[in-house]
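A closer look at the structure
Spelled out from the first residue to the last, the chains are:
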Amino acid sequence: MSTLAVAGRSDLLFATAEVIERDGSEVRRRIVSADARDIAPPELLERLGRRRDAIAGLALERPLIVGVVNITPDSFSDGGRYLAPDAAIAHALRLDAEGADILDIGAESTRPGSEAVDLQEELRRVMPVIEALAPKVRARLSIDTRKAEVMRRAARAGAALINDVSALTHDPGALQVAAETGLPVVLMHAQGDPRTMQDDPRYADVVLDVYDWLAARIDACERAGIPRSRLIVDPGIGFGKTLAHNLALLGALSIFHGLGCPILLGASRKSFIGKLTGADVADRLPGSIAAALLGVQQGVQILRVHDVAATRQALAVWEGAQGA
Ligand code: HH2
């Protein structure tokens with residue numbers, strides 16, 4: 001039986017595929033053999049199969065780990081612990097030593113119900129940390145922000161990646177500034193603003209709606225001069241989603257390869273783990289590891305996690321068995 005190699009990877013072979021066609025409210029699904037001629041339009045097959053370019057100089061043949069550094073008083077997982085610059089820098093250095101490939105530095109919490117932070121406050125929190133880390137760390141630095149000016153200044157100070165939970169929709173200047181920096185950009189799906197996004201999220205079909213929304217954001221980026229090869233897509237676990245929405249997305253992560261970009265998954269310590277198990281935020285590492293492995297099994301290339309050493313260990317076991 002012939003197979004379909006996804007994202008140019010010989011370790012990501014599919015023998016069958018599900019073809020999903022949506023026409024208005026009608027969704028048709030069929031399972032086909034991967035060598036069926038009419039499996040999908042040629043341009044979709046090309047996007048599925050094309051080898052992904054390196055991101056910020058990092059090859060995507062094995063999963064990359066993004067360590068989270070929140071310089072905030074109110075993040076859901078570690079709010080207040082790293083608000084002081086020295087604490088944030090020490091934490092980032094620890095994650096770097098634990099083997100993070102990328103450090104995602106953010107100074108605005110986007111947890112459900114959180115209030116936005118103004119530009120000056122965000123710059124005051126984030127810039128000293130980026131400036132201190134840039135010459136010291138092995139990992140690439142990512143700036144987690146929705147603001148164009150923060151993107152611009154962070155890029156100048158050495159950030160190698162932009163991570164925007166609004167996929168460059170929040171700040172009217174963000175598309176142009178992100179294009180000007182020449183940096184790769186994470187486009188994350190969110191429904192609504194953090195303050196109200198969990199009030200009553202609704203979708204016709206969550207997986208297809210998120211897919212189509214990300215496809216439209218990729219188009220907008222390409223029109224603004226950011227090529228697809230510099231974009232990373234993220235379904236935005238927990239951002240305007242119920243438990244059922246999050247689980248549907250986790251089970252269907254591989255569909256996002258059809259967008260032709262690397263996939264980032266941020267499931268670490270999130271509330272769906274608490275809803276499934278009753279575990280408090282501090283006790284969600286086992287569930288976070290399970291979600292990470294679910295991702296890599298579906299070919300997710302980038303994992304955003306709070307617990308770098310533990311995730312590295314889980315991946316080492318996973319990769320060891322795969323290699324054997
Ligand atoms: N999740 C959070 C923040 N940024 N970025 C991407 N691309 N994907 C995610 O899933 C994602 C993200 C939320 O996690 P955390 O930073 O720990 O919390 P908070 O937003 O409360 O600071």
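Residues numbered from 1 in each chain as written. Predicted model: local features only at pLDDT ≥ 70, side-chain atom pairs only at ≥ 80, totals over all residues. Heavy atoms only, no water.

**A closer look at the overall build of the protein chain**
What counts, and what does not: Helical segments are the DSSP runs of H or I of at least four residues, strand segments are the runs of E of at least two, and each set is numbered from the N terminus. Computation of the radius of gyration draws on C-alpha atoms, with the globule rule given as 2.2 Å multiplied by the number of residues to the power 0.38. Residue burial is assigned from relative accessible area. The probe radius is 1.4 Å, only protein chains are included, and a residue is buried under 20% of its type maximum, exposed over 50%, and partly exposed in between. The contact rule is simple, with two residues in contact once any of their heavy atoms fall within 4.5 Å. Throughout, the Shrake-Rupley method with a 1.4 Å probe supplies accessible areas, and for residues the shown protein chains are the sole cover considered.
Tallying secondary structure elements over the protein chain gives 10 helices and 12 strands in all. Computed over C-alpha atoms, the radius of gyration of the protein chain comes to 19 Å, within 12% of the 20 Å expected from 2.2 N^0.38 for 324 residues, which places it in the range of a compact globule. By principal-axis analysis of the C-alpha atoms, the protein chain measures approximately 55 × 45 × 40 Å. Buried residues in the protein chain amount to 52% of all 324 residues. Within the protein chain, counting contacts between residues at least 6 apart in sequence, those at least 24 apart form 68% of the total. In the structure as shown, the protein chain presents an accessible area of about 13900 Å², 52% of it carried by carbon and sulfur atoms.

**With respect to the site of the ligand**
Let me state the cut-off plainly: Throughout this document, a residue counts as near a molecule or strand when at least one of its heavy atoms sits within 4 Å of that molecule or strand. Contacts described as polar in this section are N or O atom pairs within 3.5 Å, which, within protein, must combine one atom able to donate a hydrogen with one able to accept it, while residues neighboring in sequence count only if both atoms come from side chains. Every definition here rests on a 1 Å grid over the protein atoms only: cavities are sets of points where a 1.4 Å probe fits but cannot get out, pockets are open sets enclosed by protein on both sides within 12 Å along at least five of seven lines, and lining residues have some atom within 4 Å of a point. Pocket occupancy is defined atom-wise: a molecule lies in a cavity or pocket when more than half of its atoms are within 2 Å of its grid points. All residues other than Ala, Val, Leu, Ile, Met, Phe, Trp, Tyr, Cys, Pro, Asp, Glu, Lys and Arg, Gly among them, are scored as polar; the first ten of these are nonpolar and the last four charged.
Ser75, Asn163, Asp234, Lys270 and His306 are the nearest of the 20 residues found near the ligand. The separation between an oxygen atom of the ligand and a polar side-chain atom of Thr110 is 2.8 Å. Taking Arg304, its side chain carries an N or O atom lying 2.9 Å from an oxygen atom of the ligand. Look at the ligand: alone it shows 480 Å² of surface, and the protein chains cover 98% of it. Its atoms largely coinciding with the cavity grid, the ligand occupies the second largest pocket. Looking at side-chain class alone, the shell around the ligand contains 7 nonpolar, 8 polar and 5 charged residues.

**Regarding the nonpolar core**
Rule in force here: The set of buried Ala, Val, Leu, Ile, Met, Phe, Trp, Tyr and Cys residues whose side-chain atoms join them within 4.5 Å is what this entry labels a nonpolar core.
Among the nonpolar cores identified, the biggest contains 70 residues, and Leu103, Ile105, Val126, Leu168, Leu187 and Phe256 are the most heavily contacted of them. With 7 residues, helix H6 (residues 206-223) is the single largest residue contributor to this core. The residues touching Val126, leaving out its near neighbours within four places in the chain, are Ile71, Ile105, Ala107, Ile143 and Val150. Ile55, Leu58, Leu60 and Ile302 belong to the second largest nonpolar core, which has 11 residues in total.

**Things to note about the pairing of strand E4 (residues 26-33)**
How we decide: Should DSSP find at least two bridges between two strands, the strands are taken to pair.
Examined bridge by bridge, strand E3 (residues 16-23) and E4 share 8 bridges and lie antiparallel to one another. Residue Thr16 lies in a different strand from E4, and its bridge partner there is Ser33. The loop that links E3 with its antiparallel partner E4 comprises 2 residues; one of these, Gly24, has a positive phi angle of about 65°.

**Some points on the layout of surface pockets**
Convention followed: Grid points are joined across faces, edges and corners, and a volume is the space filled by probe spheres set on the points.
Roughly 980 Å³ of internal volume is contained in the largest pocket. Residue lining of the largest pocket: 36 residues in total, with Glu18, Val19, Ile20, Leu44 and Ile255 positioned closest to the centre. In terms of residue class, the lining of the largest pocket is made up of 19 nonpolar, 6 polar and 11 charged. Roughly 390 Å³ of internal volume is contained in the second largest pocket. What lines the second largest pocket is a set of 27 residues, among which Phe76, Thr110, Arg111, Phe239 and Lys270 lie closest to the centre. Per-class residue counts for the lining of the second largest pocket are 8 nonpolar, 12 polar and 7 charged.

**Some details on the sheet that holds strand E5 (residues 64-70)**
The condition is simple: For helices, the axis comes from a line fit to the C-alpha atoms of the stretch in contact; other axes are also lines fit to C-alpha atoms, and the angle between any two N-to-C directions lies between 0 and 180 degrees.
Pairing is parallel across the open sheet formed by 8 strands, whose spatial order is E10-E9-E8-E7-E6-E5-E12-E11. One side of each edge strand has no neighbouring strand; the edge strands of this open sheet are strand E10 (231-234) and strand E11 (264-265). Of the strands in this sheet, E5 and strand E12 (302-305) are in contact with helix H10 (residues 308-323), which crosses E5 at around 165°.

**Focus on the side chain of Ser142**
Here Ser142 is to be found in strand E7 (residues 140-144). Relative accessible area serves as the criterion here: at 1%, Ser142 is assigned to the buried category. Within the local environment of Ser142, its side chain forms a polar contact with the side chain of Asp104, the two groups lying 2.6 Å apart. With near-sequence residues (within four places) excluded, Ser142 lies in contact with Ile102, Leu103, Asp104, Ile105, Leu161 and Asn163.

**Looking at H10**
In plain terms, the rule: Between the first and last residue of a helix there are one fewer steps than residues, each counted as 1.5 Å, and that sum is the expected span. In this context, the arc is that of the directions from the helix axis out to the C-beta atoms.
Under the 1.5 Å per step criterion, the end-to-end length of H10 is 22 Å for 16 residues, consistent within 8% with the ideal 22 Å. Residues of H10 that are buried: Val308, Thr311, Ala314 and Leu315. Taken end-on, H10 shows its buried residues confined to a sector of 130°, consistent with a single buried face. Those residues of H10 that are exposed and aimed more than 90 degrees away from the buried face are Gln313, Val317 and Ala321. Against E5, helix H2 (85-97), helix H9 (285-297) and E12 lie the buried residues of H10.

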